[in-house]
Amino acid sequence: MLSGKHGRLVVVSAPSGAGKTTLVHEIIRRHPEIRLSISYTTRPPRKSETNGRDYFFVNENKFHAMLLSDAFLESARVFGHWYGTSWEYVSGFLKQGNTVLLEIDWQGANQVCLRMPEAIGIFILPPNRQELERRLRGRGTDSDGAISRRLRDALTDMLHWKEFDYVLVSDDVGKCADAFEGILDGQGELNRVNSLPTQERVAQILDSDT
Ligand code: 5GP
């Protein structure tokens, strides 16, 4: 899909409440040269969000027209809305040699890894289930029912960790960002999905009680 020398594509996924957005902000703060892809979505904007900064907000007709014209590197339906990564947006930065970060769900990450096997897939896990629940409740915007649903979805999403190249645990944002930098520098062996420390840590997290 891309020929010649180009930048790296890094895909970051996580269950909601795992601290992915906080980590990504810290990475961009440390590395302003890294480009964060802005996705297209049919979800209505939240109060704090701006079109073209957080997402490109489009209606279903526009999204489906883009889908049909193969404008997306990946796309998925998440929590009842469509999301997609613009191939043109991402390839422009990659051709300029930039590292590009995609903050997308596991379904989209799987599609990217099939289309661009050289992409680096990183999955973020919360330190334990109790912390995940605390973070989901801490957002303070959802009802108890919505929180229980999000928690259930998050626990199911966590099971996709094996589909990634690396796993990071978001106990401390600074340490997690250090480990992320280590991966980009080719020193992420301990966080590789098939390393013993990662497998033991993930087993502990998945076994922790709610
Ligand atoms: P939110 O609507 O809360 O911003 O995001 C909901 C979920 O959709 C998150 O897991 C987020 O990572 C995911 N998401 C955001 N953009 C994309 C995208 O372009 N593709 C896919 N597959 N998922 C996305």
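Everything here concerns the structure above.
This text gives an overview of the structure that appears in the document. (Residues numbered from 1 in each chain as written. Predicted model: local features only at pLDDT ≥ 70, side-chain atom pairs only at ≥ 80, totals over all residues. Heavy atoms only, no water.)

Right, let's get into the packing of helix 1 (residues 20-30) against helix 7 (residues 173-184). At their nearest, the axes of helix 1 and helix 7 sit 10 Å apart, and the two run at 65 degrees to each other. Pair helix 1 / helix 7 crosses with right-handed handedness. Residues T22, L23, E26, I27 and R30 of helix 1 form the contact with helix 7, whose own contacting residues are V173, G174, C176, A177, D178, F180 and E181. (Axes fitted to C-alpha atoms, helices over the stretch in contact; angles between N-to-C directions. Helix = DSSP H or I, 4+ residues; strand = E, 2+ residues; numbered from the N terminus. Left-handed = near helix turned anticlockwise from the far one by under 90°. Contact = heavy atoms within 4.5 Å.)

This part covers the pairing of strand 6 (residues 81-86). Here strand 6 lies mainly inside the structure; 5 of its 6 residues are buried. Judged from the 2 bridges that link them, strand 3 (residues 40-41) and strand 6 form a sheet pairing that is antiparallel. The residue of strand 6 that forms the bridge with T41 is Y83. Where strand 5 (residues 72-78) and strand 6 come together, 6 bridges link them in antiparallel fashion. Bridge assignment links S75 to a residue of strand 6, and that residue is G84. Between strand 5 and the antiparallel strand that follows it, strand 6, lie 2 residues; F79 among them carries a positive phi value of about 45 degrees. (Buried < 20%, exposed > 50% of the residue type's maximum accessible area, 1.4 Å probe, protein only. Pairing = 2+ DSSP bridges.)

Turning to the sheet that holds strand 4 (residues 56-57), a few remarks are in order. Strand order in the open sheet made by the 4 strands is 4-3-6-5, with mixed pairing throughout. Edge positions in the sheet fall to strand 4 and strand 5, since each has one partner strand and no second. Sheet strands touched by helix 2 (residues 60-68): strand 3, strand 5 and strand 6. Its angle to strand 5, the strand with the most contacts, is close to 140 degrees.

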